[in-house]
Amino acid sequence: MRKNGPLALCFHALFVIFMLAPLLIVCVVAFTPEGYLSLPTRGPSLRWFKAIFDYPEFIRAFRDSLWLAALSSTVAIMLAVPAALAIARHRFPGREALTTLFMSPLMVPHVVLGIAFLRFFTQIGLSGTFLGLVLSHIIVVLPFALRLVLAASYGIDQRIEHAAVSLGAGHATVFRRVTLPLILPGVVSGWLLAAINSFDEVTMTVFIASPATVTLPVRMFLYIQDNIDPLIAAVSACLIALTAGLLIALDRLFGLDRLFVGTGKG
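Residues numbered from 1 in each chain as written. Predicted model: local features only at pLDDT ≥ 70, side-chain atom pairs only at ≥ 80, totals over all residues. Heavy atoms only, no water.

As annotated in an unreviewed UniProt entry, the protein carries the name ABC transporter permease and is attributed to Bosea vaviloviae. On record in UniProt, under Sequence similarities (unreviewed entry), the comment for the protein is "Belongs to the binding-protein-dependent transport system permease family." (UniProt positions renumbered as here; feature names shortened; annotations may be inferred.)

Given below as structure tokens:
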């Protein structure tokens, strides 16, 4: 295989720096001792990390966001798996229309979705409820889960399943022991991508959330409307550290290549 030349290596290095620079700047600003956004010119300080505990609404919003992301992504995956298997394996009237319907939330601006959900939930009595947030997030993240599970489903050799059936395995056993392990990389990556999009969703959620059901991104958005201190930078740095720690833990325990690609470490 031909190795990358110096120009290609420089381009890749600049691209990585371009992608990581905003995250690094946020983390550096979080350690400033000043009361405004600035680099820590007088040495690093944990002032704004300690200040997070003075705002319990951030802790509560973080817990609610995790719970919301876990619920919505789990339900989305439970819907995406049978839908992906049906679309990938069968040819039936309306198949393309059904696929387009599942993917349609990607084509609708989230502002429009937020207004539509607000009006709909108000009419059925779910406005401002956690159940309303879960239902709306399921619809928004379903396309992300479906696309990855669908990609994994297209690569299944159905002869393996037929062999299991011929050996006496029932449909439930075939799905649990054969089909699910084969599409597991798509399921895991689809769940994670759906959870990330649910956790980060702001535009639609701001229309549906109530004071009792505010997610962390919405809470941060509301905070920066009236404040310009580095508290949000400290919260963001904590989220970056938690994400990096989770990825490292997953890589050590299972291997990211095994989870996302389906092959174990050599």
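Draft legend 1. Just the overall build of the protein, in detail. Secondary structure assignment for the protein yields 12 helices and zero strands. Summarising its shape, the C-alpha atoms of the protein cover approximately 70 × 60 × 30 Å along the three principal directions. Among the 266 residues that make up the protein, the fraction classed as buried is 37%. By sequence separation, contacts in the protein at least 24 residues apart represent 68% of the contacts at least 6 residues apart. Carbon together with sulfur atoms contributes 71% to the accessible area of the protein, which is approximately 16000 Å² in total. Distance between charge centres in the protein, computed from 19 positive and 13 negative side chains, equals 9 Å. (Helix = DSSP H or I, 4+ residues; strand = E, 2+ residues; numbered from the N terminus. Buried < 20%, exposed > 50% of the residue type's maximum accessible area, 1.4 Å probe, protein only. Contact = heavy atoms within 4.5 Å. Areas by Shrake-Rupley, 256 points an atom, 1.4 Å probe, with all protein chains shown as cover. Lys, Arg positive; Asp, Glu negative; His and termini not counted. Charge placed at Lys NZ, Arg CZ, Asp CG, Glu CD.)

Draft legend 2. Structural detail: the UniProt feature "domain: ABC transmembrane type-1" (unreviewed entry) in the protein. Sequence positions flagged by UniProt for "domain: ABC transmembrane type-1" (unreviewed entry) are, in local numbering, residues 62-250. The span residues 62-250 is 80% helix and 0% strand, and its two end C-alpha atoms sit 21 Å from each other.

Draft legend 3. The environment of L142, seen in detail. Note that L142 resides in helix 6 (residues 130-154). On the basis of relative accessible area, L142 is assigned to the buried category, the value being 12%. In this structure the C-alpha to C-alpha distance between L142 and S104, which are 38 residues apart in sequence, comes to 9.9 Å. Aside from chain neighbours lying at most four places away, what touches L142 is A76, L79, A80 and F102.

Draft legend 4. Fine view of the UniProt feature "transmembrane region" (unreviewed entry) in the protein. Taking the numbering used here, the UniProt-annotated feature "transmembrane region" (unreviewed entry) corresponds to residues 7-31, 66-88, 100-121, 133-156, 177-196, 202-224 and 231-250. Within residues 133-156, the helical portion is 92% and the strand portion 0%, while the C-alpha atoms at the span's ends are 34 Å from each other. End C-alpha atoms of residues 202-224 are separated by 13 Å, and the span's content is 57% helix alongside 0% strand.

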